[in-house]
Amino acid sequence: MSWIHGSVRSQLGTYAKRILIGGTATAAGFVAAYRNDLTQLQFDTFSAFGPFLRLLDAESSHNVAMWTAKHGIVPRDRRPDITSLGVSVWGREFPNPIGLAAGFDKDADGVKGLLGMGFGFVEVGTITPLPQPGNPKPRCFRLPELGGIINRYGFNSLGVDAVSQRLEVLRQQGLVGPSTPQVPRGLVGVNLGKNKTSEDAAADYSVGVKKLGQFADYLVINISSPNTPGLRALQGRKELEKLVKRVKNTRDQMQWGARGPPPLLIKLAPDLTDADKSDIATVCLRLGVDGLVVSNTTITRPGAVADHPTGSEVGGLSGKPLLDLSTAALADMYRLTKGKLPIIGCGGVSSGEDAYRKIRAGATLVQLYTALAYEGPSIVPKMKQQLAACLEADGFTSVQEAVGVDHLIPQS
């Protein structure tokens, strides 16, 4: 460095000292900030790799995320959940109402790791009777500026037999199944679908109930994906009535343990007409459906999505652009069912405030997916803390006290 002018060398020395002092102070502050919460340090550190993961295409990055969950290379939250977040529904005790939506762990490959991250429950699937590859690639597209994703996966699934084997292993470990209520860190829902070429949807869903119901804390009949031709037609009144009768009859004829059969839920689209919603509510109440999941992805392109370069891709839109539409659909179904059916609120949830909005609109439980893809595991503990703060700020001591309060008529 002899060729560097003396004054410049002096300035560089000063800058180096500043960097050293500043770096030391930053490190000290970093250590102080996490000194009493090493678990949060673990979550935030893991999530910091998100931008590098997103250098891959959307489906490849998802596959990497699932690989880390499968092999336990994800942060684990052993801290007890805040008491106010506990939810009792369908005879099940959820440690918190924040769940992972179907579509992330399609084949029950990473349940243990995902539950360990602190989710109150994980919904696996969608699972079809026979293995099928789904639609051609590419089939998943990011809209990062809008916090959205468009996918047209098309129920890619290993099939019920492969998933049954995986869930059996988890049951032997005491992680899933009605016969083992001591479920560490959460419960497991199973989302069922039909094969693309099947002409008997009810038979397909019944196969799922027979082979996977024994492992499920609840079952979901997914009739609302926009990526399987003709699937959404099953939401029509006559079609839904026939479907629910056959699938429910299949479940009710099976032998179950002390907790009884798993609750049967229907997953709905956010794009339904008012008449469709009314018909669905009538059928579900009359036939004894146990609950709803509202909602799936949308085929619409609201707001800025329509002008986005990726917005023209065919498929279902999820993430932040879906929040308003899905929450409105949730509120409608809560009102039409008179609050008699527990609802899992799904669509656009990316914060505790969003979850709280769903709960006030009528959701008993809430799910996320796209926000996890963008923000990483750190969103799970943050969302729970934010939700607890929202409840406390409005004077609620539990989630269930806040369910549907936006529908209450103010007292004069």
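**Quick notes on the overall build of the chain**
Stage number 1. From N to C terminus, the chain includes 14 helices and 13 strands.
Stage number 2. Burial status across the chain gives 56% buried among its 412 residues.
Stage number 3. Here the contacts in the chain between residues at least 6 apart in sequence split such that 74% fall between residues at least 24 apart.
Stage number 4. Entry remark: accessible area of the chain is about 18,400 Å², with carbon and sulfur atoms responsible for 57%.

**A short note on unusual backbone geometry**
A negative phi angle is the norm for most residues apart from glycine, just as the trans form is the norm for most peptide bonds.
Stage number 1. Cis geometry is found at the peptide bond from Lys137 to Pro138, where omega equals -5°.
Stage number 2. If you trace the backbone, Pro138 turns up in the loop between β4 (121–127) and β5 (140–143).
Stage number 3. Backbone torsion omega between Val294 and Ser295 reads 10°, so that peptide bond is classified as cis.
Stage number 4. Secondary-structure assignment places Ser295 in the loop between β10 (291–294) and β11 (316–319).
Stage number 5. Despite not being glycine, Trp90 shows a phi value in the positive range, around 55°.
Stage number 6. Within the secondary structure layout, Trp90 lies in the loop between β1 (87–89) and β2 (92–94).
Stage number 7. Here Trp90 falls in the buried class, since its relative accessible area comes to 17%.
Stage number 8. Even without being glycine, Phe155 reaches a positive phi, approximately 60°.
Stage number 9. Mapped onto the elements, Phe155 comes out in the loop between β6 (148–151) and α6 (160–172).
Stage number 10. By relative accessible area, which is 6% here, Phe155 ends up buried.

Procedures and definitions
Residues numbered from 1 in each chain as written. Predicted model: local features only at pLDDT ≥ 70, side-chain atom pairs only at ≥ 80, totals over all residues. Heavy atoms only, no water. Helix = DSSP H or I, 4+ residues; strand = E, 2+ residues; numbered from the N terminus. Buried < 20%, exposed > 50% of the residue type's maximum accessible area, 1.4 Å probe, protein only. Contact = heavy atoms within 4.5 Å. Areas by Shrake-Rupley, 256 points an atom, 1.4 Å probe, with all protein chains shown as cover.

By themselves, these are just geometric observations and shouldn't be taken as functional.
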